Each structure stands twice: as structure tokens, then as C-alpha cells.
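Observations on the three-dimensional arrangement
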Amino acid sequence: MSATLLINLPARRSQLSRAASVIMPPTVQFNSSATSWRSSPPTDLGSTTSQTIQTFHSLLPSYSPTPLQPLPSIAQDLGIKAVYLKSEASRLGLPSFKILGASWAVYRAVLEFLAVGLVPNQALPSLDDIKKVIHDRGLDELKVITATAGNWGRAVAKMAGYLGLKTVVFGSDHMHPTTRELIRNEGLGTEVRVVKGSIVDAANEAREYAMEEGREKERLLVMDMGFVGGEKVPGWVVEGYSTMLTEYETQIREQTDGQRGATHAFVPCGCGSIASAVTQFFRDAKREDDVKVVVVEPDSAACLLASLERGEYSTVETGDETIMCGMNCGTLSGSAWEVLGKGVEAGVAVTDKEAHRAVVDLENEGVEAGPCGAATLAGLRRVCADVSAREKLGLGAEAVVVLFCTEGKREYEVPV
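Here the structure is a predicted model, which means the values were calculated and not measured. (Residues numbered from 1 in each chain as written. Predicted model: local features only at pLDDT ≥ 70, side-chain atom pairs only at ≥ 80, totals over all residues. Heavy atoms only, no water.)

**Some words on the pattern of salt bridges**
Applying the stated criterion across every chain, the model contains 25 salt bridges. A salt bridge links Arg38 to Asp290; its shortest N-O distance comes to 3.8 Å. Taken together, the residues Arg38 in the loop between strand E1 (28-30) and helix H2 (49-58) and Asp290 in the loop between helix H11 (273-282) and strand E9 (292-298) connect sequence positions 252 residues apart. Here Arg283 and Asp290 are joined by a salt bridge, their closest N and O atoms 2.7 Å apart. The network of salt bridges with common partners includes Asp77, Arg357, Asp361 and Arg381. (Salt bridge = Lys/Arg side-chain N within 4 Å of Asp/Glu carboxyl O. Helix = DSSP H or I, 4+ residues; strand = E, 2+ residues; numbered from the N terminus.)

**Notes on the packing of aromatic side chains**
For the structure on display, the rule yields nine aromatic pairs. Judged by centre distance (5.7 Å) and plane angle (70°), the ring pair of Tyr248 and Phe282 falls under edge-to-face. Of the two residues, Tyr248 sits in helix H10 (residues 242-256) while Phe282 sits in helix H11, which places them 34 residues apart along the sequence. This pair shows no difference in class: Tyr248 is buried, exactly as Phe282 is. The structure contains a cluster of three or more aromatic residues connected by ring pairs, namely Tyr248, Phe281, Phe282 and Phe404. The side chain of Arg287 reaches across the aromatic face of Phe281, ending 4.8 Å from its centre. Over the ring of Phe30 we find Lys392; its NZ or CZ atom is 4.4 Å from the centre of that ring. (Phe/Tyr/Trp six-rings, centres within 6.5 Å; stacked < 30°, edge-to-face > 60°. Buried < 20%, exposed > 50% of the residue type's maximum accessible area, 1.4 Å probe, protein only. Lys NZ or Arg CZ within 6 Å of the ring centre and 35° of its normal.)

**So, the packing of helix H4 (residues 98-113) against helix H5 (residues 127-136)**
Between H4 and H5, the shortest axis-to-axis distance is 11 Å and the interhelical angle comes to 40°. As the angle between them shows, H4 and H5 are arranged oblique. Crossing angle aside, the handedness with which H4 passes H5 is left-handed. Judged by residue contacts, Tyr107, Val110 and Leu111 of H4 engage Leu127, Ile130 and Ile134 from H5. Grouping the constituent residues of the contact of H4 with H5 by class yields six nonpolar, no polar and no charged. (Axes fitted to C-alpha atoms, helices over the stretch in contact; angles between N-to-C directions. Parallel < 35°, antiparallel > 145°, perpendicular 65-115°, else oblique. Left-handed = near helix turned anticlockwise from the far one by under 90°. Contact = heavy atoms within 4.5 Å. Nonpolar A, V, L, I, M, F, W, Y, C, P; charged D, E, K, R; others polar.)

**What about the sheet that holds strand E4 (residues 143-148)?**
Each strand in a sheet pairs with another by means of backbone hydrogen bonds, the pair being arranged parallel or else antiparallel. The parallel open sheet is built from four strands, whose spatial order is E6-E5-E4-E7. Taken across any chain shown, the strands that pair with only one partner, and hence form the sheet edges, are strand E6 (191-195) and strand E7 (219-221). When strand polarity is set aside, the average angle formed by the axes of neighbouring strands in this sheet is 25°. In this structure, strand E5 (residues 166-172) lies alongside E6, joined through five bridges in parallel fashion. What sits directly across from Val169, in E6, is Val192. Its contacts with the sheet put helix H6 (residues 151-162) on E4 and E5, and the angle it makes with E4 is roughly 165°. Across the sheet, helix H8 (residues 199-210) lies against E4, E5, E6 and E7, angled at about 165° from E4, the strand it touches most. (Pairing = 2+ DSSP bridges.)

**Looking at helix H13 (residues 334-343)**
When you tally the buried positions in H13, you get eight out of ten residues, the bulk of the element. Of all the positions in H13, only Gly334, Ser335, Ala336, Trp337, Val339, Leu340, Gly341 and Gly343 are classed as buried. On its buried side, H13 packs onto H11, E9 and helix H12 (303-310).

**Quick word on the pairing of E4**
Of all six residues that make up E4, five are buried, and the element is covered over most of its length. Here E4 pairs with E5 via six bridges, running parallel. The partner of Ile145 across the bridge, within E5, is Val168. Remark: the E4/H6/E5 crossover connection has right-handed handedness. (Right-handed = clockwise from strand over helix to strand, strands pointing away.)

**Describing the confidence of the model for the protein**
With 89% of its residues at a pLDDT of 70 or more, the protein shows a mean pLDDT of 89. Counted against residues more than four places away or in other chains, residues 1-25, with its pLDDT under 50, gives 77 contacts. Predicted confidence is poor over residues 227-233, with pLDDT under 50, and the contacts of this stretch with residues over four places away or in other chains come to twelve contacts. (pLDDT = per-residue confidence, 0-100.)

Dropping the structure here:
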């Protein structure tokens, strides 16, 4: 039995480099496939998947739903009916949504490694039960291996710690030193290994380390990036984010007396897992409404825009730095592209200055957000300023927009 579960594994660097020379498309790129596409996400837990996952999250320390905040002044400023912001500034003790996907993925990966199955409509194995099995089988030296741009690494380390496991996290040398230290301080004795190059290089190093011959019972690979055609369906990370969306559905009904759901959803995109989750949710075949999903990227790493423009999975060269560091991915997860390439209405690229302005705007509204989280407001402003794009998206006086703000306030260098 191998501990190296290929959950969301990146393509090899040699494969990526051949697709790297892409001319950047316009800052708003539309997708003709989105009008008719509906999702039917695969799952092994049947129709109870989202409820099961929310139950799992509710058993973790510090669980509570994150807020959905109305932003009436921003809506008025943009000439639309309403703007709501789902804030992930504080989620399960961390300042980011990533713990939702990481906790479920680590949990499922460890269970699969232990050959412990889940049965629909039956109680989930507790964290203490899993820790006991690990100890009884002499697997106390098992380590969880991952690669990160920041928040994902912290989240994996935290969840691994709940199971009594240590973590080795690979990160790019572009990662802020403060972020590295935060990861080291998470979980149980987390080791951070710095790799020269991009997040893709770090992911490849993590893969090679996890697959080292003779270490099968010591290393378990769990990442939130996937390759096209990978044998392992990288659905656990995406499934984990369903709790955020289940909460949103309840909250928007409560705040509008069930009369007004969103017409548009704006979500940030790095490797694409959260964007994929949001797209699958709003484009689900069982939904009766028609919500347009707009994905926001940094202009320095707009691989989705490039892929939409070319009509195929594409890679772009990224700059060394952006304040939207968690989104600095020149390559989408292949599994995410399979969803985003069919289901997103449009992609929009924003600059560091626009993201910083959005951080300030949200702070004035009482929302603490980092640049990655505030990027969705920057994307909404960018689209609303483009008369043609605004009209094509239907962002008129009756539009109701939900912004997914994926991280809390953090340190970064203000762009000039």
C-alpha cells in the first residue's frame, strides 16, 4: 500500500514549460460555453455530501459559520441592487478559507491510507478514533507532505496536527518570510522547505519527496493542485469548500426573506480549487436560478484568462511578486480547468493597485481583508468600469452580487 495519494498533483515542470509562452488576453475574457453548461459533481457520499462535510467541519475546534455582510454603499456606488460579501477572514482558527478544503482532504486521505471507508448516512470516524488507529498500527512517523503559496500550508499543518501527524511543507522562495514562520508554528513540528522558483517547482519537489522509494509508510501527499487526466479524482479539496457555500445559501435566504438570491458571484482564483467549487455550486444542474460566475486573477498570473482566450488549458509565466501572493499561480489545476473552462461566465484580471484599493474600501466598510480576498471587489469594479463587459454580464440596476472574500487582513507591501 502506498502512502502517496495523488490528490491534485501538478504536471511535471517539463510539461508546463512548453505551454508557457502565452500572449496575455484582455483584462476581461468571456466564455461562450458557460450559457448552457450545468454541473453534476461526482461524489462517493451520494446526495448527503454537503451535509456530511458540514457535520465534519462542525466537529472541528472553533467551528462557526463565517458572516455574510451586505455592502449597500458599494452597491449604490456601482449602480447595482445589492452586494454581499462572504468573509473568510476567520475560519476554524485561521485567516483563510483554505482550512475547509485542507481539513476534509487530509481527513479523507488519511482514512484511505488506513483503508477506513465512509458510509453514507453513518457517523463519521472521530479524530480521536483515527489517531488511535494510527498509533495501534505503528504509523506515528507518518508525515503529511504538501506545497503551498501560504494559507494552504498552514491549513494542512493544522489539520495534520489534529490527527497527531507532522507536516513537511514545500514553498517557493517568493513566499514572504512571515508566511514561512506562520506555517512553521502551525501543527506539530511543521518543517518548511524553500524551493527556488514558482509554486509549480515547489509542488514538483513535494511530489518527488513524497514518492521517494522506501518511504511509502512515512509520507502522504495532499495538495490542492491537480493535473489533467489524473487517475485520482481531486475532489476532496473542492468538496471541503461546500461548507462555505452551504452557509451562504442559508444566510442569503435569511437576509432577504428568501426573496432575492445572487445573480452574480465573484471568486478569486489561484490554482482554481475554490473557483471550481463556487462554479460547480452555482451551475449545479439541480438549481433553478441562473447565477453568473466571474473569476478574478492577478494580471501577473492570469492563466484562466489565457486559457479562456485560447480555448485550451494554458500556462503563463508569472512575475516574481504580487501582493495577491496566494493567487500567483501561472498554471491552473487541471481538474479545476475541466470545470472552469465550461462553467465560468468570464474571467477578469486586476492589478496590485486595484487589489490594494479594494482592501482599503473594505476596511472602510468594517471588513478586514487581505489582497487575495479583496480581489473580488477589485474585479467587480473593473468589470463595472468596462461598459461593454458590464452590459454583456448583465450587471444592471437589478443585479445582486456575492463576493467571496477568501482571506483576512495580513502584512504586505503597499504598491506604489
